[in-house]
Amino acid sequence: MSGPGILRVPLGSIAAGVIALPPEAASYIVRVHRLREGDRFVVFDPELGVEADATLESIGRRSAEARIDALRPAAVRPGRRVTWIQAVGKGDKMDAVVRDATELGATRIIPAISARSVARPGEDRSQRWRRIAVEAARQCGRGDAPRVDAPMSLAAALAEARAAEGGALGMCLDPYAETPLGARLAALLPGVEAAFAVGPEGGFTPEELGVCAALGFERVRLGALTLRTETVCAAALGALIAVSDARAG
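Conventions we followed
- Residues numbered from 1 in each chain as written.
- Predicted model: local features only at pLDDT ≥ 70, side-chain atom pairs only at ≥ 80, totals over all residues.
- Heavy atoms only, no water.
- Helix = DSSP H or I, 4+ residues; strand = E, 2+ residues; numbered from the N terminus.
- Rg over C-alpha atoms; globule rule 2.2 N^0.38 Å.
- Buried < 20%, exposed > 50% of the residue type's maximum accessible area, 1.4 Å probe, protein only.
- Contact = heavy atoms within 4.5 Å.
- Areas by Shrake-Rupley, 256 points an atom, 1.4 Å probe, with all protein chains shown as cover.
- Core = buried A, V, L, I, M, F, W, Y, C linked by side-chain atoms within 4.5 Å.
- Arc of directions from axis to C-beta.
- Salt bridge = Lys/Arg side-chain N within 4 Å of Asp/Glu carboxyl O.
- Pairing = 2+ DSSP bridges.

### Remarks on the overall build of the chain
Phase 1: Scanning the chain for helices and strands turns up seven helices and 14 strands.
Phase 2: Against the globule reference of 18 Å for 249 residues, the chain gives a C-alpha radius of gyration of 20 Å, in line with a compact fold.
Phase 3: Taken over the C-alpha atoms alone, the chain extends approximately 60 × 40 × 30 Å along its principal axes.
Phase 4: Counting the 249 residues in the chain, one finds 44% classified as buried.
Phase 5: At a minimum sequence separation of 6, the contacts of the chain that also span at least 24 residues come to 73%.
Phase 6: Summing over all exposed atoms, the chain offers an accessible surface of approximately 12100 Å²; the carbon and sulfur share of this is 53%.

So this is what it looks like as structure tokens:
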């Protein structure tokens with residue numbers, strides 16, 4: 001059971017059988033979407049990337065039970081590992097980046113603290129970003145959610161991405177770079193991991209660009225216009241999807 005209009009509900013540690021739904025999930029299914037006993041929906045584990053068909057078995061005053069069918073690998077998952085390193089900006093800009101990165105196939109999101117990062121978010125903020133990623137995965141039909149790390153220094157974030165098994169093609173988005181992003185994406189072979197690094201408002205400092213280069217992140221530009229830091233993610237990952245789809249077709 002899948003397709004447009006099917007309600008998808010994120011649950012952790014799902015298993016086949018009749019289960020008592022967590023209060024938040026029960027409220028979402030019964031009170032928000034008004035499902036009734038016998039109605040069908042899909043549950044998915046955003047951590048493990050598995051899903052299952054489910055039937056609402058019973059509804060109590062403050063609870064609900066569902067029958068979970070056999071688990072299966074999630075039908076919709078990214079075809080490539082993609083790490084998005086985002087230097088934290090002002091306000092809720094990181095919220096938008098996490099949402100866009102999830103919907104456009106990132107498998108890991110690393111909030112980075114750079115020299116021009118005004119905000120210094122704590123662990124409570126990273127928990128919020130994880131929740132946003134799970135909700136974005138549910139909305140776009142994705143069967144998993146990206147890993148969202150706790151904020152770390154830019155150097156640590158770059159090293160984490162390059163430490164991935166087999167290495168990753170690292171790209172540092174810089175409007176003053178000579179190499180166009182499209183040229184690098186066109187050369188990206190299927191299955192090769194990609195890692196992107198984006199600065200905050202004001203961009204990376206020259207010293208930080210040097211660190212990016214030292215850790216294998218090539219400076220690339222995304223067109224002739226200078227985009228807002230929270231806009232770059234959608235543009236760059238959208239370009240990656242377009243290139244990958246064209247090659248697959």
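### Overview of the nonpolar core
Nonpolar side chains tend toward joint burial in soluble globular proteins.
Phase 1: Core analysis: the largest hydrophobic core is formed by 28 residues, its most contacted members being W84, M171, L181, F196 and L237.
Phase 2: Broken down by secondary-structure element, the contributors of at least two residues to this core are β7 (82–87), α2 (93–103), α3 (123–140), β11 (169–173), α5 (181–186), β13 (194–198) and α7 (229–248).
Phase 3: The dominant element in this core, judged by the number of residues it contributes, is α7, at five residues.
Phase 4: If sequence neighbours within four positions are ignored, L181 has contacts with M171, L173, F196, V220, R221, L222 and A236.
Phase 5: Grouped together as the second largest cluster of nonpolar side chains are 20 residues, L7, L21, V30 and L35 included.

### Some remarks on helix α4 (residues 154–162)
Phase 1: Buried within α4 we find L154, A157, L158 and A161. Summarising the axial view, the buried residues of α4 lie within an arc of 95 degrees, below the 170-degree limit, and thus occupy one face.
Phase 2: In the core, the buried residues of α4 are packed alongside β7, β8 (108–113), β10 (152–153), β13, α6 (206–214) and β14 (217–221).

### Description of the pattern of salt bridges
Where charged atoms of side chains with opposite charge meet at close range, the side chains can pair.
Phase 1: Applying the stated criterion to the full structure yields 19 salt bridges.
Phase 2: Among the salt bridges present, the one from R77 reaches D144, with a minimum N-O distance of 3.7 Å. One end of the pair, R77, is in the loop between β6 (72–73) and β7; the other, D144, is in the loop between α3 and β9 (147–148), with 67 residues separating them in the sequence.
Phase 3: Between R138 and E135 there is a salt bridge, with its nearest N and O atoms 2.7 Å apart. Of this pair, R138 and E135 both sit in helix α3, three residues apart, which is roughly one turn of that helix.
Phase 4: With a relative accessible area of 15%, R138 lands in the buried category.
Phase 5: Looking at E135, the relative accessible area reads 31%, which means it is partly exposed.
Phase 6: Several salt bridges converge on common partners, so that one network encompasses R8, E51, D53 and R72.

### A short note on the pairing of β14
Phase 1: Strand direction decides the pairing type here: β11 and β14, joined by four bridges, are parallel. Within the sheet, the bridge partner assigned to M171 lies in β14 and is E218.
Phase 2: Relative to β14, strand β12 (residues 179–180) is paired through two bridges, and the arrangement is parallel. Counterpart to T179 in the pairing with β14 is V220.

Without other data, these values stay purely geometric and don't point to any function.
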